[in-house]
Amino acid sequence: MSKISMGELLRDASRRGYAVPCFNAINLDMVRGIIQAAEEENSPVILCHAEIHFKYTSMEQIAPIMIDAMNRAKVPVSILLDHGKSFSAVMKAMHLGFNAIMFDGSEYAYEENVQKTSEVVKIARTLGVSVEGELGYVTRPRSGGAEGEDDDSIIDDTSLYTDPEQAREFVERTGIDALAAAFGTVHGVYLKKPKLDFTRLNQISRTAGAPVVMHGGSGLSDEDFNAAIDNGVAKINYYTGMALKVVEKAKQRMLDTQEHGFYHEFMMNVIDDFREDAGQIMRTFRSSGKA
Ligand SMILES: [Zn+2]
């Protein structure tokens, strides 16, 4: 199956009532664990690399690894530039072979966001690359290595949430294939219990005219994930939860064994931890068996 357009993947998810998991994979170990899980679970999957992670791994380094994984996989895979903010990153990603781009213009005023996102879509179309846009603002209080606000009191600021009617206009004017919407989730670690606005999400999904994407999936309950999917979410981005969990497991293993093992043994265990967590997520997002 291997390479597939993200637009096609998400339309299938919308039709069949599941969410495609989108994992930030910043190195080979993560890519291997995630792809193993997808093949085991027979789940479609999106591998992504975010602009804020360029300081750990460059696009030039990760692109060939992701492309190889995508081409060899027995399940449908798409590779996405996550939160592309600069025009240069977006262009470079397309040039390197990413077949999906998230252009994040959420920090711009509405008209500017429309204009910049449309420009990206125009170029992407000619190359057969899918585009995800963002309307509203999913905050980033604290996440792996990212700077930002120290608390998530801003989470309740509904003025940052996506307006369903504006979402429809945004999709129509830009021509995007997927819409990242804000309805109460935050990026990174939740510092207080999230309260998601599912009524708003439902309205957005019904009016937008493009599959809806949920960012900030780490730390939500299975009930929240289920409700999000029931209310129309077709793709969920997930990173922080996995990044923390895998380190916790590795730490415990080292304490338990008290052994000084080889790095390659450590690496294989870590790949297995990524596989396990990714598989769990695929079952939760109901993408298992949907490849
Ligand atoms: Zn995000």
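Right above here is the structure, for reference.
In this report, the structure presented in the accompanying data block is examined. A quick note: this is a predicted structure, and the numbers were derived from the prediction, not measured. Starting from 1, residues in each chain are numbered consecutively following that chain's sequence as written. For this predicted model, a pLDDT threshold of at least 70 governs which residues receive local features, and a threshold of 80 or more governs which side-chain atom pairs are given and counted, while totals over whole chains, interfaces and linings are taken from all residues. Side-chain metrics in this entry use all non-hydrogen atoms of the structure; hydrogen atoms and water are not considered.

Here's the deal with the coordination of the zinc ion
Then step 1. Here a donor is any nitrogen, oxygen or sulfur atom (N, O, S) within 2.8 Å of the metal, with 3.2 Å used for Na, K and Ca; water is not among the atoms considered, so some sites may look incomplete. Each protein donor to the zinc ion is listed here as H83 (NE2), H187 (NE2) and H215 (ND1); together their distances run 2.0 to 2.1 Å.
Then step 2. On the primary sequence, the residues serving as donors to the zinc ion are separated as H-x103-H-x27-H. In this pair, H187 sits in the loop between β6 (178-181) and α7 (198-208) while H215 sits in the loop between β7 (212-214) and α8 (222-230), placing the two residues 28 residues apart along the sequence.
Then step 3. Only protein chains enter the accessibility calculation, which uses a 1.4 Å probe. A residue is then buried if its area is under 20% of the maximum for its type, exposed if over 50%, and partly exposed in between. On the basis of relative accessibility, which here comes to 1%, the residue H215 falls in the buried class. Note on conventions: DSSP H or I runs of at least 4 residues are helices, E runs of at least 2 residues are strands, and numbering of each starts at the N terminus.

Quick look at the side chain of D29
Then step 1. Mapping D29 onto the fold places it in helix α2 (residues 28-41).
Then step 2. Despite being buried, D29 has no salt bridge partner; R32 is the closest side chain of opposite charge, sitting 5.0 Å away.
Then step 3. It only takes one pair of heavy atoms within 4.5 Å for two residues to be counted as in contact. Apart from residues lying up to four places away in sequence, D29 is in contact with Y263, M267, I271 and F274. Counted charges follow a simple rule, with Lys and Arg positive, Asp and Glu negative, and His plus the chain ends left uncounted. Any Lys or Arg side-chain nitrogen located within 4 Å of an Asp or Glu carboxyl oxygen qualifies as a salt bridge.

Brief notes about the sheet that holds β6
Then step 1. Think of it this way: DSSP has to see at least two bridges between two strands before they count as a pair. Read around the closed barrel, the eight strands follow the order β1-β2-β3-β4-β5-β6-β7-β8; overall the barrel is parallel. The average angle at which neighbouring strand axes cross in this sheet is 25 degrees, direction not considered.
Then step 2. Judged from the two bridges that link them, β6 and β7 form a sheet pairing that is parallel. Within the sheet, the bridge partner assigned to A180 lies in β7 and is V213. Inter-axis angles, ranging from 0 to 180 degrees, are taken between N-to-C directions of lines fitted to C-alpha atoms, where helices are fitted over the stretch in contact.

Focus on the environment of E111
Then step 1. Its location among the elements puts E111 in helix α5 (residues 110-127).
Then step 2. At a separation of 2.9 Å, a polar atom in the side chain of E111 contacts the side chain of R173. Pairs of N or O atoms within 3.5 Å make up the polar contacts considered here, provided that, within protein, one atom can donate a hydrogen while the other can accept it, and that residues adjacent in sequence are counted only when both atoms are side-chain atoms.

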